[in-house]
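Observations on the model geometry
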Amino acid sequence: MTGNKARILAVDDDVDFLDWVRIVLEAAGHEVVCFSDAENALASITDAPPDLIITDLMMESLDAGFSFARRTKEAGNLCHVPIIIVTAAESRRGFDFRPRTGEDLAAMHVDAFFCKPVDVKALRMKVQELLNRERRATNTGNAT
Amino acid sequence: MNGESIRVLVVDDELGMREGCRKVLAPEGYSVETAADGVAGLELFKDRGDFAIVLVDLNMPLMGGMELIDHLRKLDEDVVIFVITAYAAIDTAVEATRKGAYGYIPKPFTPDELLLPIRQGLERRALTIEARRLREERESRLLEVALERSKSSTIIGCMTDGVLVINRDRQMVLRNAAMTRMMPRCAGLPLSAPMNTLKCPELESLIEETLCTDSGPVIASRELALDKSTYMVNASPVLEPNGLVTGAVVVLRDITALKKLDIAKSMFISMVAHELKSPLAAVVSQLSLILDGTVAGDAQKERHILDRCLLRIDALRTMVSDLLSLTAMETGRFTIKRSALNISEVVSAVLDSYKEKAQDKHITLEMARAPDADKVRVLADRESMMMVFANLVDNAIKYTPDGGQVYLSVECNGVFLKVSVRDTGIGMTAEEKERVFDEFYRVKNEYAVHVPGTGLGLSLVKKLVEMHQGHVSVQSVPGKGSTFCVNLPLTG
């Protein structure tokens, strides 16, 4: 991460959403790498960890986003990467996926949860907030 | 007493006695027949078995009185037999009564000494007959009741719904076989076991609700999940004429299959909602980029966004109309107007309408039209057939990369007409092939994610073809292409 510019990974099986994320975050000065499935995304980030991940929830399976998040956080070198879930399937078969508390988010192994369609400003602010948090943590980590 | 109808048989070897009896009895209205010995008497009785009274002498030739009494008793249990004999002795009298004689008239006797016992005997006979009639009537009623009971219990036993009857003391008083099947715990419990031995609190509370008289009798219903099945339980009170609740009848109906259908329907609705929501969210997000100025000044990006929005909205529109067709088919409101169609001609028309789309992707779109296929007809609905082949051609073009080929062929195949749509597209794996006709199923890979679609087209194709007694199949090799074959029965 140089200056304010971050490398952001976007995963979604909806190409239009990937386009949208790219336009929104590139306009904010970030670099966006897109994947349409979780497996390929996971394979790519193991070698080159991104600064932040934005992923859809329901892709090839109902909870592909959750398992992708869990596997990312469990990989040693990726555990600190903030993850944002963005989905149109916030509820399914009577089950509401939306987190109510920070604990819910932690249980999902994610740092933020958005329902589609997403407000551009809200997403940019959340991305910035998470990137700042990570930057501070890294600095503190270096100092100690 | 109507003397005319009463017949008396006198069996005595003394002519004087026979005629004496006749003289006494005839004027009283009795109809008298006589016999000189037991054998003749028995013959007469057998011929005309409607004697009410038999007077029997004990000492006679051929057959004595005792033996005759035995025979008569066997023939008629109601006949009143009197012993008349000059040899009056207490032991003979006792033996005669033991054998079934009603009384004993010692010779000689006066007319009254004969008439009085006969009248008593007749009264006794009438009483016996009446008593028997009453007894028989009662027995036949009891039989009716028993039959009625066994009918009811047979009906309850044969019911597919589980029936359980509970009395006011919360004891089980009746349960049928279906009930035992639904709650196997029942099987080991004796009748009159308290209902809490069923160990089913939901059922108990439902019964309590019914038995509770505070708010008046109530009919309570609830769904109950037992083991892997779901039951609709209805409990209704058993009321006495004075309104007092004396128990409850609980009926369990297995609604597992209905429940599964209901869940399937709910899942379908939730799936439809998601399929509608995702593209709508995409369109809203994309348009907001233009409206909030994120892509301001970049005409090319704006154009791209609007193109994509149009594509997504168009796909939504197709999905809604496909959904309407599918539900119309399922509810039987989809009307097909069959006529003898030249399918080659229909396929050719579909092909023409897709020429431009194929050209845009530099795809070769060709059709091989066998001459014999032009001569035969299929009894089918033109619009449905247009829908079937348009869906197949549209799919073939969508899933074939630029520069590929789509071939159509129409040919006779025995009693079927076979239409094949072959492409050099991305193909499918065995697993994808398996599910390709499922509602909302879409192949998802690097190429397919860029293709807008609803996952309803092929399920619509399958339903339409099957409505025409046809069959659709698919062969596919990943990366090489797919071939969809539709076989439709020929007319005549």
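As a reminder, the structure under discussion sits directly above these lines.
Here is a short report on the structure shown in this document.

Cut-offs and rules
- Residues numbered from 1 in each chain as written.
- Chains lettered and ligands numbered in written order.
- Predicted model: local features only at pLDDT ≥ 70, side-chain atom pairs only at ≥ 80, totals over all residues.
- Heavy atoms only, no water.
- Contact = heavy atoms within 4.5 Å.
- Buried area = accessible area lost by both parts, 1.4 Å probe.
- Salt bridge = Lys/Arg side-chain N within 4 Å of Asp/Glu carboxyl O.
- Polar contact = N/O pair within 3.5 Å; in protein donor to acceptor, adjacent residues only side chain to side chain.
- Helix = DSSP H or I, 4+ residues; strand = E, 2+ residues; numbered from the N terminus.
- Axes fitted to C-alpha atoms, helices over the stretch in contact; angles between N-to-C directions.
- Left-handed = near helix turned anticlockwise from the far one by under 90°.
- Nonpolar A, V, L, I, M, F, W, Y, C, P; charged D, E, K, R; others polar.
- Buried < 20%, exposed > 50% of the residue type's maximum accessible area, 1.4 Å probe, protein only.
- Pairing = 2+ DSSP bridges.
- Arc of directions from axis to C-beta.

1. Some remarks on the interface of chain A and chain B
Between chain A and chain B, the residue contacts involve 24 residues of the former and 25 residues of the latter. Of the roughly 2,000 Å² buried at the junction of chain A and chain B (both faces included), carbon and sulfur atoms supply 54%. Taken together, chain A and chain B are joined by three salt bridges. Taken together, chain A and chain B are joined by five residue pairs in polar contact (both at pLDDT 80 or more). Secondary-structure elements contributing two or more residues to the side of chain A that touches chain B are helix H1 (15-27) and helix H5 (120-143) of chain A.

2. Observations regarding the packing of helix H9 (residues 299-330) of chain B against helix H15 (residues 457-467) of chain B
Residues and elements named next belong to chain B. Two elements in contact, H9 and H15, have axes separated by 10 Å at closest approach and are oriented at 35°. Crossing of H9 against H15: the hand is left-handed. Here H9 contributes Asp322, Ser325, Leu326, Met329 and Glu330 to the contact with H15, which in turn contributes Gly457, Ser459, Leu460, Lys463, Leu464 and Met467. In terms of residue class, the contact of H9 with H15 is built from five nonpolar, three polar and three charged.

3. Description of the pairing of strand S5 (residues 103-106) of chain B
Residue and element names in this part refer to chain B. What you see with S5 is a clean split: Gly103 and Ile105 sit on the buried side and Tyr104 and Pro106 on the side with no burial. Note: strand S4 (residues 80-85) against S5, four bridges, orientation parallel. Opposite Thr85, over in S5, you have Pro106 as the bridge partner.

4. Here's the deal with the environment of Leu164(B)
Residue and element names in this part refer to chain B. The topology assignment puts Leu164 in strand S6 (residues 162-167). Residue Leu164 is classed as buried on the basis of its relative accessible area of 0%. Residues Leu164 and Val251 lie 87 residues apart in sequence; the distance between their C-alpha atoms is 6.5 Å. Discounting residues that sit within four places of it in the chain, Leu164 has contacts with Met172, Leu174, Arg175, Met179, Leu198, Leu203, Ala248, Val249 and Val250.

5. Let's talk about helix H2 (residues 38-47) of chain A
All names here are of chain A. Within H2, burial applies to Ala38, Ala41, Leu42 and Ile45. Down the axis of H2, the buried side of the element spans an arc of 100°, and every buried residue falls inside it. On its buried side, H2 packs onto strand S1 (7-11), strand S2 (31-35), strand S3 (52-55) and helix H3 (64-74).

6. Some points on unusual backbone geometry
The residue after Lys116(A), namely Pro117(A), is reached through a cis peptide bond having omega -5°. Examined against the element boundaries, Pro117(A) turns out to sit in the loop between strand S7 (112-115) and H5. Residues Lys107(B) and Pro108(B) are joined by a peptide bond in cis, for which omega reads -10°. Relative to the helices and strands, Pro108(B) is located in the loop between S5 and helix H5 (111-158).

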